[in-house]
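# Architecture and fold: a report
Here is what each chain is made of, one letter per residue.
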Amino acid sequence: MARSMLKDKDLSNTFWADVVSTVVYLLNKCLTKVVVDKTLIDAWSGRKPLAKHLKVFGNVCYTYINFGNVCYTYILSAKG
């Protein structure tokens, strides 16, 4: 699953650790055959996992740049 995510978005192998971390996180939120009709998180903690915060893998993101107490009239960010 991790390899296909890397190849689908044309990412280099330097992102391998991040992709594997994402895959493990997603698999813990998916249904399994071991626990019927529950996710692993649901079976472990007893509460349903939320999925509102999930985004499409490989989206463009912006990083906030903080220059201390300098006040600007526009948002400072860098494409990442």
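Structural notes, computed from the coordinates. What you see as residue numbers is a count from 1 along each chain, following the sequence as written. Reporting of local features is limited, given that this is a predicted model, to residues whose pLDDT is at least 70; pairs of side-chain atoms are given and counted only at 80 or more, and all residues count toward the totals for whole chains, interfaces and linings. Excluding hydrogens and water, the side-chain values take into account all heavy atoms of the structure.

This part is about unusual backbone geometry. In terms of backbone geometry, most residues other than glycine have negative phi values and most peptide bonds are trans. Phi is positive for Asp-37, close to 60°, though the residue is something other than glycine. The classification of residues rests on relative accessible area computed with a 1.4 Å probe and restricted to protein chains. Under 20% of the type maximum is buried, over 50% is exposed, and intermediate values are partly exposed. Using a relative accessible area of 63% as the deciding quantity, one classes Asp-37 as exposed.

By salt bridge we mean one thing: a side-chain nitrogen of Lys or Arg within 4 Å of a carboxyl oxygen of Asp or Glu. Tallied over the full model, the rule gives one salt bridge. One salt bridge in this structure joins Lys-48 and Asp-42, with 3.4 Å as the shortest N-O distance. Looking at Lys-48, the relative accessible area reads 59%, which means it is exposed. Asp-42 sits in the buried class, given a relative accessible area of 7%.

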